[in-house]
Amino acid sequence: MAQPGTALWFAQHESRLAWRDWLATMTAGRRERLPRALIAIAVFVVFMHFVAYWMVGRYANAVADKETLVAISASVLLSWFLMVSQAMESTTRAFYARSDLDLILSSPASAEKVFAVRISTIALPMAMMALPLAAPFIDVLIARGGWRWMGAYGLIVAMGATATALAVGLTVVLFRVTGPKRTRLVAQIVAAVIGAAFVIGLQVTAILSYGTLSRASALQSQTAVAHAPGLGSIIWWPARAALGDGVALIGVLALSFALLAAIIALVAPRFGEYAVTTSGAALSPAGNGRRSVIFRSRSQRGALRRKEWTLLRRDPWLVSQTLMQMLYLIPPAVLLWRSFDDGNGAYQLLVPVLVMAAGQLAGGLSWLAISGEDAPDLVATAPIPASFIVQAKIEAVLSVIAIVFAPLLAVLAIASPWHALITCGGIVIAAGTATSIQLWFRTKAKRSQFRRRQVSSRVATFAEAFSSIGWAATAAVAAANLWLAIAPGLVAVTVVAGAWLMSPRPKPA
Amino acid sequence: MQNFASLAPDLFALEISGLVKRFDRLAVDHLDLTVRAGEFYALLGPNGAGKTTTLRMIAGLLRPDAGTIRVAGVDALADPVAAKHVMAWISDEPMIYDKLTPQEYLEFIAGLWDIAPELAAPRAHELLHWLDLLPHAHERCEGFSKGMQQKVALAGALVHEPQVIILDEPLTGLDAGSARQVKNVLRERVRSGGTIIMTTHILEVAERMADRIGVIAHGKLIAEGTLEELRQQAGDKNAGVVGGASLEDTFLALVTEQAEAA
C-alpha cells in the first residue's frame, strides 16, 4: 500500500472501487456468473476480430496520403465525440454522487488530491471502454500491416484524456451558467446531443448531397479531400499517430495530457465546492408548482400506466437517451422527405433504420420501466393480480413506441404501403423482443440507483442490440424478397433464444 | 372517515395459524396469532425474531411455506387480491416515488385500490391537511426529509381506508414532531374502528399505544397480552423491581427466559 493521504494512495482506493464496480456490472452482482461473463466477452472479442478483418483488413498497408488521413481523422473524430459524450455522463455522476463525498470533505485529507485523482479516473474507464471495441481493429491492422499500428493504442489513451478534459470543462461551464439544479439535466442532454449531432450532421449532409445514408460518404468524398488542409498540418497529427508516426504520437500524447493536467489544476480545488452545491440542489423542491391534480377516474391498469408515463417523462437520463435516439431518426426522416417525390429505392434504406430504432428505444424504455420500481412493496400489496403490474409497464412502453413511430409509418404508407407494412411488422417484433429481453433480465432497483450503479446486465444489453440489428436486417431483406428474409430472421430468433437461455429468470416449465 | 361499526364485534381482523417460513434457517416457526377488529396490536421481539417476515407474509409480499392467514375473514392465501383490498402495508423505508408529488402519489394509490375519484379526492385533501403536507402537495418527494416521506406513505396507506393497517417499524428515523403526527393518525384510526398491527423497537410506543402486545422470539409467540398480563408472566423475574416493571424490564425478562429455555 502507498503512504496514506498521498495521491497514489487515493488512486489505489479509486481503482479498487472502479474495479469492483466493473465486476459488479459484468456479473450483475453475482460472483458465480463471472466465468459466463468472461466467456461472453471472449466470444465477443473473437467475433469483433472477424468483423474488423472484413472491414479494415485491406487498409493495413495504407500510406499517409490525404484520403487515408481524412478517413482516419473522420473515424477518430466520430469515436472521440462519443467519448466526450460518455465522459460528460461520468462527470455529472461524479459531481452528483453523494455516497462518499461527505466523508471525504469532512476528513482532514486533502480534498484537492482526491478530486484530482477522481477526475483522472474518469479518463481511465473512457479508454477502458473504447479498448475492447477498438482493439480488434487495431489488432487486425497490426497483424496485416506491422507494428507501426501500435500507435493507434496510444491514440486511444490520448483521446480518453482529451475527451475527459473537454467533458469536465464543459460540465463546469454548465455549472456556472445554468446552476447546480439544472446542470444535471442539461449536461445529460448536451452529452446526448454531442454524441449524436456529429453523426447525424454527417448523415443529413450525405443525404442532401448524395441521397445515401452512409455516414462516412461525405468525408470520403473528393470535395472533402480537396478542401482539407495540406499534409503537413497539425490537424493530421492524430491520424499520423495512428499510422505509426512516432513524433506525431508523442506530440498528441503530450498535448492531451497537458490539457487534462490543466483542467485538473483548474477544477480540482473547486470540485468539492461544486459537489457541495449539488446537495442543496437535490434537496430543493422541484415541482410543478401551483397546478392542482384532479383525481380522475381510471382503471387500476390505467393508474399503473399513467404512473409509468409520468416517471418516464421525469427521468432526465431517460429523456436525454430517448432524445438521442430520436435525433438518430432525423436522417431517415430527411431521407423520407427527400425521396418522397423521386419515388423508389430509398425506402429500402428506411426499413432497417426504423426497425432498429424501435428496438433500441423499446429496450431503453422498458429497462427503466420494468426494472426500476421505487416502491415494489406498494404495488405488491395493492389489490391487483401480480401480472397487472408488468403488463401495465409493457403497455406503457409500447404505447410510447406507437406514438413515436406511427407518424413516420403513416407517411411511409402513403409513399409505399408495402414498405410500411414490412416496417410496421419489424417494429412490432423488434420492440416486442427488446421488451421481452429486459423482462427476462429484470432486476429490482430504485430508479435513482440506476445511474449510480449500472444494474443492467451486459448480456441483456448486447442481446438487445444484436436482436434489434437482426430484426432490422430481416425487415430490410423482407422488403426486397420475403423468402430470403428467412435466413436473417433465423439469426435474430437465435439471438433472442440465446438471450432467453442465458437469462437468470426461472423458466416456465 | 368510514365507520367500521358495521363489522361484527367478534370478527377477527387477523387470524394466523401454523405459519411457517424457512429461509436458510427457520424464520417463522408454527406461529399462531389473532388480532381482534378495532385493536391496536404491537409485535415486539429481538432482532431477527421473525417479526418482519411474519408481517410480510400477512401483507402478501412473501408466500408462507405452511399455515393459514385470514385477514378480516378473507383467506389471504386463497384470494390475495381480496385480502389486499382491505389492507395497507407500511414499511420502515417509505414506499414512495421520488418523481411523483404527494398529490399524484395519492391519486396513483386511489387508482390502484380502485377508489372512486369523488371519494378519493376529498379524502386525500383531508389527509394531506392532517399531516401538514398541504403546502408540499405539489412538490416532488425527492427533496423530502425521511419524516415527510413517511407521512406521504402513511397518507397513501390511509387514502383507501383500509380495515387493517400493518406497519413495520414506522417510526424509524422520524423526528419527534413527525413521530407524534404519525402516532396521532394511528390512534385516530383505531378510534374510528380500524385495526393496527405494528412492530416497533421503541418500547415506550408499544407501552403507551397498544391494546395488546405480542412478543416473538425465534419465530414463535412467546408471550401475549396487555402490559399488565405480560408483567405477570414475567413476574418472578421482576420480583425485585419496585413500583411495577417497565415494559423494557418485562420484555428483556421474557426474551432472556426464552433464550435460557432454548
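What counts and what doesn't
Residues numbered from 1 in each chain as written. Chains lettered and ligands numbered in written order. Predicted model: local features only at pLDDT ≥ 70, side-chain atom pairs only at ≥ 80, totals over all residues. Pairing = 2+ DSSP bridges. Helix = DSSP H or I, 4+ residues; strand = E, 2+ residues; numbered from the N terminus. Contact = placed C-beta atoms within 7 Å. Axes fitted to C-alpha atoms, helices over the stretch in contact; angles between N-to-C directions. Buried ≥ 20, exposed ≤ 12 C-beta atoms within 10 Å, placed from the backbone. Expected span 1.5 Å × (residues − 1). Bend = angle between axes of the 7 residues up to and from the residue. Nonpolar A, V, L, I, M, F, W, Y, C, P; charged D, E, K, R; others polar. pLDDT = per-residue confidence, 0-100.

K.L.:
Can you help me understand the sheet that holds strand 2 (residues 26-36) of chain B in this one?
P.N.:
Hydrogen bonds along the backbone pair up the strands of a sheet, which may run parallel or antiparallel. Residue and element names in this part refer to chain B. Pairing within the open sheet is antiparallel, and its four strands lie in the order 2-1-4-5. The open sheet has two free edges, formed respectively by strand 2 and strand 5 (74-75), since each of these has just one partner strand. With five bridges connecting them, strand 1 (residues 12-22) and strand 4 (residues 66-71) associate as antiparallel partners. Bridge pairing in strand 4 places Leu-14 opposite Val-71. Along the sheet face, helix 1 (residues 51-58) touches strand 1, strand 2 and strand 4 and points at about 120° away from the line of strand 1.

K.L.:
When you look at the pairing of strand 6 (residues 87-90) of chain B in this model, what are you seeing that I'm missing?
P.N.:
Consecutive residues of a regular strand have side chains that alternate between opposite faces of the sheet. Residues and elements named next belong to chain B. Side chains of strand 6 alternate between two faces, with Met-87 and Trp-89 and Ala-88 and Ile-90 buried alike. Across four bridges, the pairing between strand 6 and strand 7 (residues 164-168) is parallel. When the sheet's bridge partners are listed, Trp-89 is paired in strand 7 with Ile-166.

K.L.:
Explanation requested: helix 16 (residues 386-415) of chain A in the structure shown.
P.N.:
Given 3.6 residues to a turn, an α-helix orients residues that are three or four positions apart in the same direction. Residues and elements named next belong to chain A. Helix length check: helix 16 (30 residues) gives 44 Å between terminal C-alpha atoms against 44 Å at 1.5 Å per residue, within 8%. Of all the bends in helix 16, the greatest reaches close to 40° and is centred on Phe-405; the proline Pro-407 follows between one and four positions later. For helix 16, the full list of buried residues reads Ile-389, Ala-392, Lys-393, Ile-394, Ala-396, Val-397, Val-400, Ile-401, Phe-405, Leu-408 and Leu-412.

K.L.:
Looking at this model, I keep getting lost on the interface of chain A and chain B. Mind explaining?
P.N.:
How big an interface is tends to be reported as the loss of accessible area on association of its parts. Opposite the 33 residues of chain A that make contact, chain B presents 34 residues. Those elements giving two or more residues to the side of chain A that touches chain B turn out to be helix 10 (246-283), helix 11 (300-313) and helix 15 (376-381) of chain A. In terms of residue count, the dominant contributor to the side of chain A that touches chain B is helix 11 of chain A (six residues). A per-class count over the side of chain A that touches chain B returns 15 nonpolar, 10 polar and eight charged.

K.L.:
Would you take a moment to explain the confidence of the model for chain B for this structure?
P.N.:
Do not read the fine detail of predicted coordinates wherever pLDDT is low. All names here are of chain B. Overall, the prediction assigns chain B a mean pLDDT of 85, with 91% of residues at 70 or greater. Here residues 1-9 scores under 50 on pLDDT; set against residues more than four positions off or in separate chains, the count is 12 contacts. This complex was scored by the predictor with a pTM of 0.67 and an ipTM of 0.74.

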